[in-house]
2 protein chains.
Amino acid sequence: MRQAPASKKPQDRYETALLGLVAYRELSAFERLSSDARFSPTLVDRESLARLAVAEFGHYELVREHIAAKGLDIQETMEPFIESIDALHERTKPGDWYESLIKAYVIDEVSADFYRAISQQLGDEARTLVASVQTSEQQTGWLRERLRLSLCDDPRLASRLALWGRRLLGEALTQARSIGEQYDYWGAADAVAHNDSTQPMTALFAHLVENHSRRMSALGLTA
Amino acid sequence: MRQAPASKKPQDRYETALLGLVAYRELSAFERLSSDARFSPTLVDRESLARLAVAEFGHYELVREHIAAKGLDIQETMEPFIESIDALHERTKPGDWYESLIKAYVIDEVSADFYRAISQQLGDEARTLVASVQTSEQQTGWLRERLRLSLCDDPRLASRLALWGRRLLGEALTQARSIGEQYDYWGAADAVAHNDSTQPMTALFAHLVENHSRRMSALGLTA
């Protein structure tokens, strides 16, 4: 994994990295989701998944504008994250449409939680950006209801999707840790060095797992 | 291929068929293009192709609203065209990114010409709709320039892409003929029966081929 473009202050470097990370995640999420849409069981489902994908592309466009406004190169900014994000997608290819829905549900939400935690270390601008690229409650709601309906129609799906959800969580956390370490957890590592009474990293991961469990329970699945 | 939902007047039946045809073509074009975007040679290309795909989805949403406003069911309206359009996509899977660009360039434009010709037989509403879902000149321009650049970089591409372009034209025309026949060429067949001095179908196909040749020439390719 290459480093983000060099910058004077660590704060700038962290901000640039966050922009690149979010931008590439949104672009690749668009591509994967829209490819999966084709395998939807009904036309209405195809349309809904396509709409979700298009929303991700809208987020990408937003971040791209931020990056351009800062005078940074979009390609260079995303570059350090491509290999890692592509590899995660390759390792988590959905076997069918339901796995694709769970992937959108799990990875989007864990990522959103992770970005939110990162942006707390940065300024208001980063916080606003992260908030603006979050999947809307309407769309998360659609995913949840659609999954609930499928699980109700075919209870045998439950164990397979629960297992798949755990695998996705594992992959997402491994990636968060690896990227986090490379960027000193966006400055949180410094904070710890100066005041080692807390372990914010442990707290962050516990928080990510807890939120995930809550979301899986909302589907009636064991996290 | 199933018939479009029954309606009293042939004119209504033709209009409904046009809506269903355009809607499904846009939805499937979105899915295919966005899947292809992943294989783009550069990030900028990925972004541009994704933007093209998102525009197709925007067109789909527009047609969907028209269909809903008429009190028709979107799924039922698209149904008669699914098999034929899916089959065309299966027969024309791009072998690489360049073939994917040519596919967008050829099929979009031939379809647009075909819809425009059909809509001349129908009312103002149909004409306005067809105009509103056309690929923008900006996007067609991007496709043309991007293809020209690739052909300039690698002249060996020319013969392969010229051959591919001819195959795509053949597939598009075969489909247009098959759908056209099923819908009496949107009323043009009646006009001919009453006044058989002209052969509008022959003229329509000659027009489609001529426009295609002009577009291929614009790339420096032999149509």
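Keep in mind that what you see is a predicted model, and the values were worked out from it rather than measured. (Residues numbered from 1 in each chain as written. Chains lettered and ligands numbered in written order. Predicted model: local features only at pLDDT ≥ 70, side-chain atom pairs only at ≥ 80, totals over all residues. Heavy atoms only, no water.)

J.: Hey, could you run me through the overall build of chain A in this one?
T.: What chain A contains, in helices and strands, is 9 helices and 0 strands. The secondary structure elements of chain A, listed N-terminal to C-terminal, are α-α-α-α-α-α-α-α-α. Against the globule reference of 17 Å for 223 residues, chain A gives a C-alpha radius of gyration of 18 Å, in line with a compact fold. For the C-alpha atoms alone, the extent of chain A along its principal axes is close to 55 × 40 × 30 Å. Taken over 223 residues, chain A has a buried fraction of 54%. Taking all contacts inside chain A whose residues are at least 6 apart in sequence as the whole, residues at least 24 apart take part in 81%. Total accessible area on chain A is roughly 9,900 Å²; 52% of this is exposed by carbon and sulfur atoms. Charge-centre separation for chain A: the mean point of 26 positive side chains lies 3 Å from the mean point of 33 negative side chains. (Helix = DSSP H or I, 4+ residues; strand = E, 2+ residues; numbered from the N terminus. Rg over C-alpha atoms; globule rule 2.2 N^0.38 Å. Buried < 20%, exposed > 50% of the residue type's maximum accessible area, 1.4 Å probe, protein only. Contact = heavy atoms within 4.5 Å. Areas by Shrake-Rupley, 256 points an atom, 1.4 Å probe, with all protein chains shown as cover. Lys, Arg positive; Asp, Glu negative; His and termini not counted. Charge placed at Lys NZ, Arg CZ, Asp CG, Glu CD.)

J.: Mind showing me how you'd approach the packing of aromatic side chains here?
T.: Here a ring pair, both rings aromatic, is described through the centre-centre distance and the interplanar angle of the planes. Throughout the structure, instances matching the rule amount to 9 aromatic pairs over all chains. Geometrically, the ring pair formed by A:Phe30 and A:Phe57 is tilted, given 5.1 Å between the ring centres and 50° between the ring planes. Remark: A:Phe57 occurs in helix 2 (residues 43–69) and A:Phe30 occurs in helix 1 (residues 10–37); sequence separation between them is 27 residues. Three or more aromatic residues joined by ring pairs make a cluster, and in this case those are A:Phe30, A:Phe57, A:Tyr60, B:Phe30, B:Phe57 and B:Tyr60. (Phe/Tyr/Trp six-rings, centres within 6.5 Å; stacked < 30°, edge-to-face > 60°.)

J.: Is there a simple way to explain the environment of A:Glu47 in this structure?
T.: Note that A:Glu47 resides in helix 2. In this structure, the C-alpha to C-alpha distance between A:Glu47 and A:Thr140, residues 93 residues apart in sequence, is 15 Å. Contacts of A:Glu47, omitting those with residues within four sequence positions, involve B:Phe57, B:Tyr60 and B:Arg64. There is a polar contact of 2.8 Å between the side chain of A:Glu47 and the side chain of A:Arg51. (Polar contact = N/O pair within 3.5 Å; in protein donor to acceptor, adjacent residues only side chain to side chain.)

J.: Where do I start with the interface of chain B and chain A in this structure?
T.: The figure often quoted for interface size is the accessible area lost as the parts come together. Taken together, the contact pairs 27 residues of chain B with 26 residues of chain A. Taken together, the two surfaces of chain B and chain A that pack against each other cover about 2,300 Å², and 57% of this comes from carbon and sulfur. Per-residue buried area on chain B facing chain A is highest for B:Glu31, B:Arg38 and B:Leu43; these three make up 26% of the total on that side. Between the two partners, chain B and chain A, sit 6 salt bridges. (Buried area = accessible area lost by both parts, 1.4 Å probe. Salt bridge = Lys/Arg side-chain N within 4 Å of Asp/Glu carboxyl O.)

J.: Please explain the relation of the copies chain B and chain A as it appears in this structure.
T.: Note that the two copies of the chain are related through a rotation about an axis and a translation along the same axis. By a simple turn and slide, chain B fits onto chain A: the slide is 0.0 Å along the axis, the RMSD is 0.0 Å, and the turn is 180°. Both copies are brought into coincidence by an operation consistent with a two-fold rotation axis. Taking C-alpha positions as reference, the residue of chain B nearest the rotation axis is B:Ser35, located at 2.4 Å. Most of the interface of chain B is mirrored in chain A: 96% of its interface residues are interface residues there too. (Least-squares fit on C-alpha atoms with pLDDT ≥ 70 in both.)

J.: Would you mind showing me how to read the confidence of the model for chain A here?
T.: Low-confidence regions, as indicated by low pLDDT, have predicted coordinates that should not be scrutinised in detail. Residues and elements named next belong to chain A. With 91% of its residues at a pLDDT of 70 or more, chain A has an overall mean of 88. Per-element confidence in chain A is highest for helix 3 (residues 74–91), whose mean pLDDT is 95, and lowest for helix 8 (residues 188–194), whose mean pLDDT is 57. Interface scoring of the predicted complex returns ipTM 0.81; its pTM is 0.86. (pLDDT = per-residue confidence, 0-100.)

J.: How should I be thinking about the pattern of salt bridges in this particular structure?
T.: Side chains bearing opposite charge may pair, as long as their charged atoms lie close to each other. For the structure shown, the criterion picks out 44 salt bridges over all chains. The salt bridge partner of A:Arg46 is B:Glu31, with a shortest N-O separation of 2.7 Å. Of this pair, A:Arg46 sits in helix 2 while B:Glu31 is found in helix 1 (residues 10–37), placing the two residues in two different chains. Each member of the pair A:Arg46 and B:Glu31 is classed as buried. When salt bridges that share partners are traced, they join A:Glu47, A:Arg51, B:Glu61 and B:Arg64 into one network.

J.: Would you explain the nonpolar core in this entry?
T.: In globular proteins that are soluble, nonpolar side chains generally tend to be buried together. Counting residues in hydrophobic clusters, the biggest one holds 134 residues, and the most contacted among them are A:Trp186 and B:Trp186. Apart from residues lying up to four places away in sequence, B:Trp186 is in contact with B:Tyr14, B:Ala17, B:Leu18, B:Leu21, B:Phe114, B:Ile118, B:Gln121, B:Leu122, B:Ile179 and B:Gly180. (Core = buried A, V, L, I, M, F, W, Y, C linked by side-chain atoms within 4.5 Å.)

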